[in-house]
Amino acid sequence: MTVRTPGTPASKIDRTTPVSTPGGPKAREEKIVVTVRLRPLNKREQLAKDQVSWECIDDHTIVYKPPPHERVTQPASFTFDKVFGPACLTETVYDGVKNVALSALNGINATIFAYGQTSSGKTYTMRGITEKAVNDIYNHIMNTPERDFTIKISGLEIYNENVKDLLNSDPGRNLKLLDDPEKGTVVEKLVEETANGSQHLRQLINICEAQRQVGETALNDTSSRSHQIIRLTIESTLRENSDCVRSFVASLNFVDLAGSERASQTHADGARLREGCHINLSLMTLTTVIRKLSVGKRSGHIPYRDSKLTRILQHSLVGMHGLPSFVR
Ligand SMILES: Nc1ncnc2c1ncn2[C@@H]1O[C@H](COP(=O)(O)OP(=O)(O)OP(=O)(O)O)[C@@H](O)[C@H]1O
């Protein structure tokens, strides 16, 4: 799923329309785009002779064909902004969200997140998308010599409702959330590093990914047990004349959510079960928040404060691209 919101606070930005938007005119719209990617069966599923139950019938529609043992027998179809079949490359999926990622270069906040059941391919897809977005961001920087860019990165995970810094070598520390009148929810003492080039940025992203909580479940040997948020803050300045410097600031969030799961499917107990409960609860809150946001002003109270995930993402969700991944 992807979301766009204005970035730089009104008090700090020259509001003149930018000369060009890297992602093209559409990158300036504020909306939620929902894309679905079906992944191919993995070795384990092939060995178990699992059947593929989902099929893409066109660019926007997937159909669920219930296996014979299910009570429901009728196929059901679902429509999305875009759907990608199992043969699709990550590059093609990325093309669908490229405009969103590049809009952050011109001061428009954007969030790309992957939502789906455990082992559906969220981490696989988000890694590819992040890698491709970093390439494009640095290509844009190279082709825009008239602007000075600074890219900062922070990384956190929410594990069992505790917030941990993925760029801090002291992994045991739980970080507090604070309410800032201007910035909204901020994570206290979250390390933010300035990247001094694309290689450095990739190294920092790799550090975040290596620090994340991973565990084995019956569905995935390397299941992510936490929600991961990698945030790039992109600042740039453009000297228009001797009196006027125009500046842009926006964040681009890459959110790889932990997978929703049924204990019966993952055979979870002990620590895995506890993790699964926290994961499901926070995903439920996220679903409620997004549902209410999509209804608009009539939706009443929006329960951002019911989970750390929605508190941290609050400002990124108001105004948002999602990549739900389905398996079969
Ligand atoms: N499009 C794809 N093509 C080939 N293999 C894929 C694809 N997507 C995912 N996989 C493989 O499927 C397995 C599960 O993927 P992944 O770990 O990304 O799932 P996940 O949704 O992040 O799971 P979890 O929620 O448990 O963390 C991995 O072995 C991954 O390499």
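What counts, and at which threshold
Residues numbered from 1 in each chain as written. Predicted model: local features only at pLDDT ≥ 70, side-chain atom pairs only at ≥ 80, totals over all residues. Heavy atoms only, no water. UniProt positions renumbered as here; feature names shortened; annotations may be inferred. Helix = DSSP H or I, 4+ residues; strand = E, 2+ residues; numbered from the N terminus. Buried < 20%, exposed > 50% of the residue type's maximum accessible area, 1.4 Å probe, protein only. Contact = heavy atoms within 4.5 Å. Pairing = 2+ DSSP bridges. Expected span 1.5 Å × (residues − 1). Near = heavy atom within 4 Å. Polar contact = N/O pair within 3.5 Å; in protein donor to acceptor, adjacent residues only side chain to side chain. Areas by Shrake-Rupley, 256 points an atom, 1.4 Å probe, with all protein chains shown as cover. Salt bridge = Lys/Arg side-chain N within 4 Å of Asp/Glu carboxyl O. Disulfide = S-S within 2.5 Å. Phe/Tyr/Trp six-rings, centres within 6.5 Å; stacked < 30°, edge-to-face > 60°. Lys NZ or Arg CZ within 6 Å of the ring centre and 35° of its normal.

- As recorded in an unreviewed UniProt entry, the protein goes by the name Kinesin-like protein, listed as coming from Acer negundo.
- Taken from UniProt, the Sequence similarities (unreviewed entry) comment for the protein reads in full: "Belongs to the TRAFAC class myosin-kinesin ATPase superfamily. Kinesin family."

1. A closer look at the UniProt feature "binding site: ATP" (unreviewed entry) in the protein
Part 1 of the reasoning: Taking the UniProt record as the reference, the feature "binding site: ATP" (unreviewed entry) is found at G116, Q117, T118, S119, S120, G121, K122 and T123.
Part 2 of the reasoning: In this fold, G116 is placed in the loop between strand 7 (108-114) and helix 3 (122-142).
Part 3 of the reasoning: Within the secondary structure, T123 is located in helix 3.
Part 4 of the reasoning: Relative accessible area serves as the criterion here: at 22%, T123 is assigned to the partly exposed category.
Part 5 of the reasoning: Every residue in contact with T123, bar those within four places of it in the chain, is listed here: R212, S224 and D256.

2. Thoughts on the pairing of strand 10 (residues 177-180)
Part 1 of the reasoning: As paired strands, strand 10 and strand 11 (residues 184-187) are joined by four bridges and run antiparallel to one another. Each residue of the ladder has a partner; that of L178, found in strand 11, is V186.
Part 2 of the reasoning: In sequence, strand 10 turns back onto strand 11 through a hairpin of three residues.

3. Digging into helix 4 (residues 198-211)
Part 1 of the reasoning: For helix 4, built from 14 residues, the straight-helix expectation of 20 Å at 1.5 Å per residue is met to within 8% by its first-to-last C-alpha distance of 20 Å.
Part 2 of the reasoning: In this fold, the buried residues of helix 4 make contact with helix 3, strand 8 (147-159), strand 12 (193-194) and strand 15 (227-241).

4. Some thoughts on the site of the ligand
Part 1 of the reasoning: Close to the ligand lie 15 residues, the nearest being T118, S119, K122, S223 and S224.
Part 2 of the reasoning: The contact in question runs from an oxygen atom of the ligand to an N or O atom on the side chain of T123, over 2.9 Å.
Part 3 of the reasoning: For the ligand, the accessible surface in isolation is 630 Å², of which the surrounding protein chains cover 80%.
Part 4 of the reasoning: Broken down by element, the shell around the ligand gets its largest block of residues, three residues, from helix 3.

5. Describing the side chain of T61
Part 1 of the reasoning: Examined against the element boundaries, T61 turns out to sit in strand 4 (residues 61-64).
Part 2 of the reasoning: Those residues in contact with T61 that lie beyond four places of it in its chain are E55, C56, S77, F78, T79 and V83.

6. A word on the pattern of salt bridges
Part 1 of the reasoning: Scanning the model with the defined rule gives 10 salt bridges in all.
Part 2 of the reasoning: Where K82 meets D59, a salt bridge forms, and the shortest distance between an N and an O atom there is 3.5 Å. Linking K82 in strand 6 (residues 82-84) with D59 in the loop between strand 3 (54-56) and strand 4, this pair joins segments that are 23 residues apart in sequence.
Part 3 of the reasoning: With a relative accessible area of 30%, K82 lands in the partly exposed category.
Part 4 of the reasoning: Residue classification places D59 among the partly exposed positions, given a relative accessible area of 44%.
Part 5 of the reasoning: Close ionic contact of D179 with R311 constitutes a salt bridge, the shortest N to O distance being 3.3 Å. Of this pair, D179 sits in strand 10 while R311 sits in helix 7 (residues 308-317), placing them 132 residues apart in sequence.
Part 6 of the reasoning: Accessibility expressed as a relative area gives 49% for D179, which makes it partly exposed.
Part 7 of the reasoning: Accessibility expressed as a relative area gives 14% for R311, which makes it buried.
Part 8 of the reasoning: Residues joined in a network through salt bridges with shared partners are D179, R305 and R311.

7. A few points about the state of the cysteines
Part 1 of the reasoning: Across all of its chains, the model carries zero disulfides by this definition.
Part 2 of the reasoning: Here C88 stays free of any disulfide, with the sulfur of C56 as its closest cysteine sulfur at 7.9 Å.
Part 3 of the reasoning: We classify C88 as partly exposed; its relative accessible area is 22%.

8. Structural notes on the packing of aromatic side chains
Part 1 of the reasoning: A full pass over the atoms with the stated rule returns two aromatic pairs.
Part 2 of the reasoning: Centroid distance W54 to Y64: 4.9 Å. Interplanar angle 45°. Geometry classified as tilted. One end of the pair, W54, is in strand 3; the other, Y64, is in strand 4, and 10 residues separate them in sequence. Y64 carries the same exposure label as W54, and that label is buried.
Part 3 of the reasoning: Judged by centre distance (5.8 Å) and plane angle (45°), the ring pair of W54 and F78 falls under tilted. Here W54 is found in strand 3, whereas its partner F78 is found in strand 5 (residues 76-79), with 24 residues between them in sequence.
Part 4 of the reasoning: The buried category is assigned to W54, whose relative accessible area is 16%.
Part 5 of the reasoning: An aromatic cluster is present here, built from W54, Y64 and F78 joined pairwise through their rings.
Part 6 of the reasoning: Lying across the ring of F248, R147 places its NZ or CZ 4.3 Å from the centre.

9. Concerning unusual backbone geometry
Part 1 of the reasoning: Positioned with a positive phi, N160 is a non-glycine residue whose angle comes to about 50°.
Part 2 of the reasoning: Structurally, the position occupied by N160 is in the loop between strand 8 and strand 9 (162-165).
Part 3 of the reasoning: We classify N160 as buried; its relative accessible area is 11%.
Part 4 of the reasoning: The phi angle at E161 is positive, at roughly 65°, despite the residue not being glycine.
Part 5 of the reasoning: Along the chain, the position of E161 falls in the loop between strand 8 and strand 9.

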